[in-house]
Amino acid sequence: MDSSYQEFFESNDFSGSPGMEGHCQRSQANARERFRTHSVNSAFTNLRLLIPTEPKNRKLSKIETLRLAKSYISHLMAVLVTGNLRQPCLLAQSSSSDAIDSSDGSANSHPTRANICTFCVSPKR
């Protein structure tokens, strides 16, 4: 059990009279849920601080935070793979599609639609 959870739980008096056992259990369950919710919200706040956004102080929803974090991780992986800081995702896509086209020797009859990376097209931070 997390020590901060134990401190929180011990700092609140959840003891009740003998006839209030159900109430005491409910209070304990509510306290655990409040702590869990606080932990999740704190983790999202910390993640939001790591993701560059435009405007800088924009508050992202939880789903926006997760989607943008996924995109940012992909962008950073492309920077590592290509070694290029300017639009590395476009370079990574073109090099992988060139490898696919040259592997079977056939012309690509269906042009692939390029994914647009938010971090490649946004102005530099």
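Here the structure is shown first, and the text comes after it.
The text that follows walks through the structure, step by step, so that each part is easy to find. (Residues numbered from 1 in each chain as written. Predicted model: local features only at pLDDT ≥ 70, side-chain atom pairs only at ≥ 80, totals over all residues. Heavy atoms only, no water.)

**Focus: the packing of aromatic side chains**
How two aromatic rings sit relative to each other is given by the distance of their centres and the angle of their planes.
Step number 1: On inspection of all chains with the given rule, the structure shows 1 aromatic pair.
Step number 2: A ring pair is formed by Tyr72 and Phe119, whose centres lie 4.7 Å apart and whose planes are at 50 degrees; its orientation type is tilted. Taken as a pair, Tyr72 in helix H3 (residues 62-82) and Phe119 in helix H5 (residues 118-121) lie far apart in primary sequence, 47 residues in all. (Phe/Tyr/Trp six-rings, centres within 6.5 Å; stacked < 30°, edge-to-face > 60°. Helix = DSSP H or I, 4+ residues; strand = E, 2+ residues; numbered from the N terminus.)

**Considerations on the nonpolar core**
Step number 1: In terms of nonpolar packing, the biggest core is built from 10 residues, these being Ile51, Leu60, Leu68, Ala69, Tyr72, Ala78, Cys89, Cys117, Phe119 and Cys120.
Step number 2: If you list the elements that add at least two residues to this core, you get H3 and H5.
Step number 3: When residues of this core are assigned to their parent elements, the largest contribution, 4 residues, is made by H3.
Step number 4: Apart from residues lying up to four places away in sequence, Cys120 is in contact with His75, Gln87, Pro88 and Cys89. (Core = buried A, V, L, I, M, F, W, Y, C linked by side-chain atoms within 4.5 Å. Buried < 20%, exposed > 50% of the residue type's maximum accessible area, 1.4 Å probe, protein only. Contact = heavy atoms within 4.5 Å.)

**Overview of H3**
Step number 1: A rise of 1.5 Å per residue sets the reference length of H3, with its 21 residues, at 30 Å; its end C-alpha atoms lie 30 Å apart and thus fit the reference within 8%.
Step number 2: Buried within H3 we find Thr65, Leu68, Ala69, Tyr72, His75, Ala78 and Val79.
Step number 3: Looking one or two residues beyond H3, the residue adopting positive phi is Gly83, at roughly 75 degrees. (Expected span 1.5 Å × (residues − 1).)

**Comments concerning the side chain of His75**
Step number 1: Among the secondary structure elements, His75 is positioned in helix H3.
Step number 2: Ignoring any residue separated from it by four or fewer positions in sequence, one finds His75 in contact with Pro88, Cys89, Cys117, Phe119 and Cys120.

**Quick word on the environment of Ser71**
Step number 1: Tracing the backbone through its elements, the reader meets Ser71 in helix H3.
Step number 2: Looking at Ser71, the relative accessible area reads 21%, which means it is partly exposed.
Step number 3: Along the sequence, Ser71 and Ile51 sit 20 residues apart, while their C-alpha atoms lie 9.8 Å from each other.
Step number 4: What Ser71 contacts, discounting residues up to four positions off in sequence, is Thr118 and Phe119.

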